[in-house]
Amino acid sequence: QVQLVESGGGLVQAGGSLRLSCAASGRTFSRYGMGWFRQAPGKEREFVATISYSGDSTYYADSVKGRFTISRDNAKNTVYLQMNSLKPEDTAVYYCAATPQYGGSSYYAGPSRYQYWGQGTQVTVSS
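Undergrad: Please give an account of the pairing of strand β9 (residues 92-99) that cites residues and values.
TA: Within β9, seven of the eight residues are buried, which leaves it mostly tucked inside the rest of the structure. As defined by bridge partners, strand β4 (residues 33-39) adjoins β9 across seven bridges and the pair is classed as antiparallel. Across the sheet, residue Phe37 finds its bridge partner in β9, namely Tyr95. With three bridges joining them, β9 and strand β11 (residues 121-126) adopt antiparallel strand pairing. From the neighbouring strand, Ala92 faces β11, where its bridge partner is Val123. Relative to strand β10 (residues 116-117), β9 runs antiparallel, the two sharing two bridges. By the bridge assignment for β10, Ala98 is matched with Tyr116.

What counts, and at which threshold
Residues numbered from 1 in each chain as written. Predicted model: local features only at pLDDT ≥ 70, side-chain atom pairs only at ≥ 80, totals over all residues. Heavy atoms only, no water. Buried < 20%, exposed > 50% of the residue type's maximum accessible area, 1.4 Å probe, protein only. Helix = DSSP H or I, 4+ residues; strand = E, 2+ residues; numbered from the N terminus. Pairing = 2+ DSSP bridges.

Here you go:
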């Protein structure tokens, strides 16, 4: 069982930056691939990024590539999403998710690959 708690969301102007954190419970965090997804009002949940359980492999959605960076600190049981050059279209509730598989590749871009989800944190980018 893994419990996930996101934080770091907020209101930011276009072009600004935010760093989201996702703290995980449990002693086996390093055995879970992790992902970030987002969901805007009236839209389906959308893949953002994924990282392998060792942290050596990452994969991004085209819409955020070059602007967002996913990373993890297994000693702190935490995964991060650094978001730079934010755009109004990045506005959404951001969720982190955990899979007991490797993570970090296009195979993990689908929500069904993940077993555990956080409650989400709101990110609003004003123009």
